[in-house]
Amino acid sequence: QMVLSEKVNQLMEWASKRSVIRMNGDKFRRLVKAPPRNYSVIVMFTALQPHRQCVVCKQADEEYQILANSWRYSSAFTNKIFFAMVDFDEGSDVFQMLNMNSAPTFINFPAKGKPKRGDTYELQVRGFAAEQLARWVADRTDVNIRVIRPPNYAGPLMLGLLLAVIGGLVYLRGSNLDFLYNKTGWAFAALCFVLAMTSGQMWNHIRGPPYAHKNPHTGQVNYIHGSSQAQFVAETHIVLLFNGGVTLGMVLLHEAATSDMDVGKRKIMCIAGIGLVVLFFSWLLSVFRSKYHGYPY
């Protein structure tokens with residue numbers, strides 16, 4: 001009992017100074033692995049040193065800090081759960097002990113027993129957004145954390161800038177507002193919105209996936225996720241480009257069939273349109289096939 005109280009007091013003291021407790025091998029073995037323990041510890045295994053070049057680790061760390069701060073400064077804060085971090089350069093022995101070869105990884109060490117399969121967070125499927133991590137924590141520990149993000153003024157500033165530009169255009173054009181009835185402009189704006197939504201931008205906003213994945217063994221970078229249940233940010237950009245290429249090809253085919261240009265130019269537009277549609281749509285099918293294994297393509 002005395003040993004347990006000393007552990008809890010030590011963790012509470014560290015948590016009062018820093019929401020995410022940094023641990024090396026010795027601290028991890030004494031406070032996380034060794035019994036007795038009546039508290040859960042969420043540990044992020046990461047590699048934040050610049051020479052590791054782990055961009056995803058930095059992004060995940062930002063969300064993890066938001067989650068830990070939301071818990072530390074909430075009225076419901078107790079010693080039932082703690083948030084910790086083990087950096088590879090500070091605790092490589094811990095990585096070896098757990099046979100861990102990738103980062104970032106989130107594991108819940110429960111108050112009783114050893115971590116089960118569900119205690120390892122499915123980063124590739126769920127992303128590393130603080131809200132998603134909070135749901136996982138609630139599922140594993142019954143501790144509900146209301147995520148409170150620092151104020152972000154980028155959105156209101158961009159909206160204010162947009163309104164200022166629109167107001168400036170209206171002022172300069174005076175009573176001549178014909179540009180508001182420009183079908184091409186509205187069509188282009190609508191097309192950009194449709195391409196962004198169909199490529200998965202909203203999914204990225206909700207899930208917060210990594211930009212890409214680098215294999216720690218081979219160093220190979222994957223921009224397309226291998227599962228149909230998840231995606232990378234880079235994959236969204238690639239799909240947006242492919243959809244845009246198919247759309248451009250269809251526009252060229254439409255213009256070739258309906259424009260008043262001479263026959264030679266219309267033939268060139270037709271060939272270019274067919275080429276764009278065939279090329280980019282075949283690439284889209286290739287991406288789909290790589291994610292839906294076994295589908296007959």
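Residues numbered from 1 in each chain as written. Predicted model: local features only at pLDDT ≥ 70, side-chain atom pairs only at ≥ 80, totals over all residues. Heavy atoms only, no water.

Draft legend 1. Geometry of the overall build of the chain. Looking only at helices and strands, the chain has 11 helices and six strands in total. A globule of 297 residues ought to have a C-alpha radius of gyration of about 19 Å, yet the chain, at 26 Å, is considerably larger. C-alpha extents for the chain along the principal axes are approximately 90 × 55 × 35 Å. With 297 residues in all, the chain has 35% of them scored as buried. Counting only contacts in the chain whose residues sit at least 6 apart along the sequence, the fraction spanning at least 24 positions is 68%. Here the chain displays about 18,100 Å² of accessible surface, and carbon together with sulfur accounts for 61% of that area. Counting 31 positive and 20 negative side-chain charges, the chain places the averaged centre of each group 4 Å from the other. (Helix = DSSP H or I, 4+ residues; strand = E, 2+ residues; numbered from the N terminus. Rg over C-alpha atoms; globule rule 2.2 N^0.38 Å. Buried < 20%, exposed > 50% of the residue type's maximum accessible area, 1.4 Å probe, protein only. Contact = heavy atoms within 4.5 Å. Areas by Shrake-Rupley, 256 points an atom, 1.4 Å probe, with all protein chains shown as cover. Lys, Arg positive; Asp, Glu negative; His and termini not counted. Charge placed at Lys NZ, Arg CZ, Asp CG, Glu CD.)

Draft legend 2. Spotlight on the state of the cysteines. This structure, assessed with the given rule, holds one disulfide. Across the disulfide, C54 is cross-linked to C57 (sulfur-sulfur distance 2.1 Å). Between C54 and C57, the S-S torsion sits near 70 degrees, and that sign places the bridge as right-handed. Pair check on accessibility: C54 and C57 agree, each one buried. (Disulfide = S-S within 2.5 Å.)

Draft legend 3. A look at the packing of aromatic side chains. Here the structure, examined in full by the defined rule, presents 15 aromatic pairs. An angle of 80 degrees between the planes, with centres 5.4 Å apart, marks the rings of F28 and F109 as edge-to-face. Linking F28 in helix α2 (residues 25-33) with F109 in strand β4 (residues 105-109), this pair joins segments that are 81 residues apart in sequence. Each of the two residues, F28 as well as F109, counts as buried. An aromatic cluster of three or more residues is present, and its members are F28, F45, F88, F95 and F109. One cation-aromatic arrangement involves K27 over W14; the distance from NZ or CZ to the ring centre is 4.6 Å. Over the ring of F77 we find R72; its NZ or CZ atom is 4.9 Å from the centre of that ring. (Phe/Tyr/Trp six-rings, centres within 6.5 Å; stacked < 30°, edge-to-face > 60°. Lys NZ or Arg CZ within 6 Å of the ring centre and 35° of its normal.)

Draft legend 4. A look at the domain arrangement of the chain. For the chain, the assigned domains are domain 1 (4-141) and domain 2 (182-291). One C-alpha centre belongs to domain 1, the other to domain 2, and the line joining them spans 39 Å. Residue-level contacts link 12 residues of domain 1 with 16 residues of domain 2. Where domain 1 meets domain 2, there are zero salt bridges. Every element with two or more residues in the side of domain 1 that touches domain 2 is listed here: α3 (55-72) and α5 (123-126). Here the side of domain 1 that touches domain 2 takes three residues from α5, the largest share from any one element. Of the residues belonging to the side of domain 1 that touches domain 2, the class tally is four nonpolar, seven polar and one charged. (Domains from an automatic or database assignment. Salt bridge = Lys/Arg side-chain N within 4 Å of Asp/Glu carboxyl O. Nonpolar A, V, L, I, M, F, W, Y, C, P; charged D, E, K, R; others polar.)

Draft legend 5. Molecular detail of α3. In this model α3 runs 26 Å from its N-terminal to its C-terminal C-alpha over 18 residues, within 8% of the 26 Å that 1.5 Å per residue would give. Turning to α3, its buried residues are V56, C57, A60, D61, E63, Y64, I66, L67, A68, S70 and W71. The elements touched by buried residues of α3 are β1 (20-22), β2 (40-46), β3 (81-87), β4 and α6 (130-141). (Expected span 1.5 Å × (residues − 1).)

Draft legend 6. Region of the structure containing the pattern of salt bridges. A full pass over the atoms with the stated rule returns 10 salt bridges. For the salt bridge of R22 with E90, the shortest nitrogen-to-oxygen distance reads 2.9 Å. On the criterion of sequence distance, the pair formed by R22 in strand β1 and E90 in the loop between β3 and α4 (92-97) is long-range, its members being 68 residues apart. E90 sits in the partly exposed class, given a relative accessible area of 36%. Note that E235 is salt-bridged to K291, the shortest N-O span being 3.0 Å. Taken as a pair, E235 in helix α10 (residues 233-258) and K291 in helix α11 (residues 263-291) lie far apart in primary sequence, 56 residues in all. Exposure class is identical for E235 and K291. Each is buried. One continuous salt-bridge network, built from bridges that share partners, spans E63, E131 and R149.

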